[in-house]
Every structure is written in structure tokens, then in C-alpha cells.
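Here is what each chain is made of, one letter per residue.
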Amino acid sequence: LNALEDQDPDVRWRAAEALGPLGSAEAIPGLLNALEDQNSDVRWRAAEALGQLGSAEAVPGLLNALEDQNSGVRWRAAEALGQLGSAEAVPGLLNALEDQDSYVRWSAADALGQLG
């Protein structure tokens, strides 16, 4: 978890990438903080990992990530929200259907489909 705070962004994104498959709820606070990282690679990998962890605790942070300046982060956040299956995500995902990036729109539509 300390690697999420390393000075090297490559270390931070690799740490975020590794934490998702581990399935540890202890990683959630660090990954939520990583959604605010200055490096977009760290942010999108944190969003992806949060989706893999499957905790509703991540929904507010991922909803904020739908507004990220980087389309890759928005895309992964929408994807993660679909994985989490929380109805709380519906308004944010509906807004993401209007995103300028087609991948974000596609991911939001897919996520809404997963939510039923």
C-alpha cells in the first residue's frame, strides 16, 4: 500500500494495478486517494482496481472520476461502476452517456446495462 504514495508514478500505477486482483478491502482507501493522483495512468488504474475489488465504498470516488479531465480515467470509472452494480451510480452514468469520448459513452452504456 505504501507504493501508492511513491514518488515515481510508474511505481504508483503498478501498485494500483496489482491491488485490484488481490481482493483486499484494506486497499480501498489508498486506491480512492489514487483517484486524485496527478498522473492519469495512476488514476485510471486505481479506478480499474476499485471495480475489481467490488466494494460499494468506492462508488462516490468513482462518480467523481467520471468528471476527470482524462477520458481514459472516465472510461475506467464507468466500467468500474458497472462492475460494482450500485444503483447510486445511475445518475452519473446517465450523464456519462453525453461524454465527448465514444469509449466513455460506450462504457457508461455497458455499465448501465449491467445495472439492469
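Residues numbered from 1 in each chain as written. Predicted model: local features only at pLDDT ≥ 70, side-chain atom pairs only at ≥ 80, totals over all residues. Heavy atoms only, no water.

### Regarding the side chain of Arg43
The topology assignment puts Arg43 in helix H3 (residues 40-53). A polar contact of 2.8 Å, which involves the side chain of Arg43, links it to the backbone oxygen of Asp37. Separated by 3.2 Å, the side chain of Arg43 and the backbone oxygen of Gln38 make a polar contact. In this structure Arg43 touches Ala34, Leu35, Glu36, Asp37, Gln38, Asp68, Gln69, Asn70 and Val73, once residues within four positions along its chain are discounted. (Helix = DSSP H or I, 4+ residues; strand = E, 2+ residues; numbered from the N terminus. Polar contact = N/O pair within 3.5 Å; in protein donor to acceptor, adjacent residues only side chain to side chain. Contact = heavy atoms within 4.5 Å.)

### Considerations on the pattern of salt bridges
Following the criterion strictly, the structure yields seven salt bridges and no others. For Asp37, the salt bridge is made with Arg12, and the minimal N-O distance between the two is 2.7 Å. With Asp37 in the loop between helix H2 (28-34) and H3 and Arg12 in helix H1 (residues 9-22), the pair connects residues that are 25 residues apart, well separated along the chain. For Asp37, a relative accessible area of 12% gives the class buried. Overall, Arg12 belongs to the buried group, its relative accessible area being 7%. (Salt bridge = Lys/Arg side-chain N within 4 Å of Asp/Glu carboxyl O. Buried < 20%, exposed > 50% of the residue type's maximum accessible area, 1.4 Å probe, protein only.)

### A closer look at the nonpolar core
Leu31, Leu62, Leu66, Leu81 and Leu93 are the most contacted members of the largest nonpolar core, which has 36 residues in total. Among the elements of the structure, H1, H2, H3, helix H4 (59-65), helix H5 (71-84), helix H6 (90-96) and helix H7 (102-115) are those that each provide at least two residues to this core. Element by element, the count of residues in this core is highest for H3, at seven residues. Discounting residues that sit within four places of it in the chain, Leu66 has contacts with Arg74, Ala77, Ala78, Leu81, Gly92, Leu93 and Ala96. (Core = buried A, V, L, I, M, F, W, Y, C linked by side-chain atoms within 4.5 Å.)

### Topic: the packing of aromatic side chains
Applying the stated criterion to the full structure yields one aromatic pair. Considering the side-chain rings of Trp75 and Tyr103, the 5.4 Å spacing of their centres and the 35° angle between planes classify their relative orientation as tilted. Of this pair, Trp75 sits in helix H5 while Tyr103 sits in helix H7; the two residues are 28 residues apart in sequence, bridging distant segments of the chain. Trp75 gets classed as partly exposed once you look at its relative accessible area, which sits at 23%. The class for Tyr103 is exposed, based on a relative accessible area of 52%. (Phe/Tyr/Trp six-rings, centres within 6.5 Å; stacked < 30°, edge-to-face > 60°.)

### Re the environment of Glu57
Secondary-structure assignment places Glu57 in the loop between H3 and H4. Of the residues examined, Glu57 reaches a relative accessible area of 47% and is grouped as partly exposed. In sequence terms Glu57 and Ile28 are 29 residues apart; their C-alpha atoms lie 7.9 Å from each other. When neighbours within four sequence positions are excluded, Glu57 is seen to be in contact with Ile28 and Leu32.

### Re H1
The end-to-end C-alpha distance of H1, which contains 14 residues, comes to 20 Å, matching closely the 20 Å that a straight helix rising 1.5 Å per residue would cover. Among all positions of H1, only Arg12, Trp13, Ala15, Ala16, Leu19 and Gly20 are buried. On an axial view of H1, the arc spanned by its buried residues comes to 155°, and they lie on one face. Of the exposed residues in H1, the ones pointing more than 90 degrees away from its buried face are Pro21 and Leu22. Where H1 is buried, its residues meet H2 and H3. You can read the cap of H1 off the contacts: a side-chain oxygen lies 2.8 Å from the backbone nitrogen of Asp10, and it is on Asp8. The positive-phi residue at the C-terminal boundary of H1 is Gly23, with phi of around 75°. (Expected span 1.5 Å × (residues − 1). Arc of directions from axis to C-beta.)

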